[in-house]
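Chains, contacts and geometry: an overview
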Amino acid sequence: MKFLKLAVTLLFCLSLSGTFAQTKKPANKASSKTSAVVAKSSGQVVYEQNCLTCHQTNGSGVPNLNPPLRATDWILGDKTRLINVVLKGLQGKEIEGDMYDNAMPAHDFLTDEQIADVLSYIRSSFGNKASAITAEEVKTTRSAN
Ligand code: HEC
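Presented here is a report on the structure given in the accompanying data block. (Residues numbered from 1 in each chain as written. Predicted model: local features only at pLDDT ≥ 70, side-chain atom pairs only at ≥ 80, totals over all residues. Heavy atoms only, no water.)

Further remarks concern the coordination of the iron atom of the ligand. With distances of 2.0 to 2.1 Å, the protein atoms coordinating the iron atom of the ligand are His55 (NE2) and Met104 (SD). Seen from the iron atom of the ligand, its 6 donor atoms lie at angles of 87 to 180°, and the figure they make is octahedral. Linking His55 in helix H3 (residues 52–55) with Met104 in the loop between helix H5 (79–88) and helix H6 (112–123), this pair joins segments that are 49 residues apart in sequence. For His55, a relative accessible area of 10% puts it in the buried group. (Donors = N, O, S within 2.8 Å, 3.2 Å for Na, K, Ca; no water. Tetrahedral: all angles 85-135°; square planar, octahedral: opposite > 155°, others 65-115°. Helix = DSSP H or I, 4+ residues; strand = E, 2+ residues; numbered from the N terminus. Buried < 20%, exposed > 50% of the residue type's maximum accessible area, 1.4 Å probe, protein only.)

If you trace the backbone, Ser120 turns up in helix H6. Polar contacts involving the side chain of Ser120 include one to the main-chain carbonyl oxygen of Ala116, which spans 2.8 Å. Apart from the residues lying within four places of it in its own chain, the contact partners of Ser120 are Ala132 and Ile133. (Polar contact = N/O pair within 3.5 Å; in protein donor to acceptor, adjacent residues only side chain to side chain. Contact = heavy atoms within 4.5 Å.)

Attention shifts here to the nonpolar core. Among soluble globular proteins, nonpolar side chains are generally buried collectively. Within the largest apolar cluster, 19 residues are counted, with the highest numbers of intra-cluster contacts made by Tyr47, Ile115, Leu119, Ile122 and Ile133. Elements that contribute at least two residues to this core include exactly helix H2 (42–50), H5 and H6. Considering each element in turn, this core owes the most residues, 6 residues, to H6. Look past the residues within four positions of Ile122 in its chain and what remains in contact with it is Tyr47, Leu69, Ile75 and Asn128. (Core = buried A, V, L, I, M, F, W, Y, C linked by side-chain atoms within 4.5 Å.)

Around the ligand, a shell composed of 26 residues is seen, among which Cys51, Cys54, His55, Thr72 and Met104 lie nearest. Between an oxygen atom of the ligand and a main-chain N or O atom of Pro68, the distance comes to 2.7 Å. With respect to the ligand, the backbone of Gln91 contributes an N or O atom lying 3.4 Å from an oxygen atom. Per-class residue counts for the shell around the ligand are 17 nonpolar, 8 polar and 1 charged. (Near = heavy atom within 4 Å. Nonpolar A, V, L, I, M, F, W, Y, C, P; charged D, E, K, R; others polar.)

Before going further, it helps to examine the packing of H6 against helix H7 (residues 135–144). When two helices pack together, their arrangement is given by the angle between the helix axes and by the axis-to-axis distance. Here H6 crosses H7 at 115°, and the two axes come no closer than 8 Å. Of the two elements, H6 crosses H7, and the hand of that crossing is right-handed. Counting all contacts with H6, which are made through Asp112, Glu113, Ile115 and Ala116, the residues of H7 involved are Ala135, Val138, Lys139 and Arg142. Class assignment for the residues of the contact of H6 with H7 results in 4 nonpolar, no polar and 4 charged. (Axes fitted to C-alpha atoms, helices over the stretch in contact; angles between N-to-C directions. Left-handed = near helix turned anticlockwise from the far one by under 90°.)

On to the pattern of salt bridges. Enumeration over the complete set of coordinates arrives at 4 salt bridges. Residue Glu48 is joined to Lys40 by a salt bridge in which the shortest nitrogen-to-oxygen separation is 2.9 Å. A salt bridge links Asp112 to Arg142, with the nearest nitrogen and oxygen atoms 2.8 Å apart. Of this pair, Asp112 sits in helix H6 while Arg142 sits in helix H7, and the two are 30 residues apart along the sequence. Arg142 sits in the partly exposed class, given a relative accessible area of 28%. (Salt bridge = Lys/Arg side-chain N within 4 Å of Asp/Glu carboxyl O.)

This is the structure we're talking about:
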């Protein structure tokens, strides 16, 4: 009789843990699905954390303060020069005929991958349609400085 009680308790526990395991699984699936839907490209994340305050969500910039990131020669032109804007910062330059009062700070604390991602993001956003920039290209430019 004692043995039977023990066996029943054991079975009950097993079925309970089984129920828990089952209810856990679908919950996990659901949450990973939602995060996939809202996932942003890593370039956009770097942009939002490091560039957005000055260049704005839509890349419009702020008149007289920060230049727009739309179809400027700096973005679509020479890749090395563009990579160096992020690595070294920029100030006092004429951009598409306009001058800007703010200075762009150096962002050399970002990794090669982050700089490649954010530049690829701006080169394919805000109406821009230029090729991606690779982490290798950033690495080469950084080591040549
Ligand atoms: C504190 C404000 C500020 C932040 C933050 C900032 N910039 Fe700038 N950026 C500027 C200013 C101001 C200039 C123009 C400098 C000049 O007048 O010479 C500029 C110039 C540029 C240019 C070249 C000109 C153009 O409009 O095409 C690019 C490209 C650029 N920034 C990209 C970025 C990226 C990418 C980031 C984030 C990693 C970033 N900036 C963060 C203020 C900022």
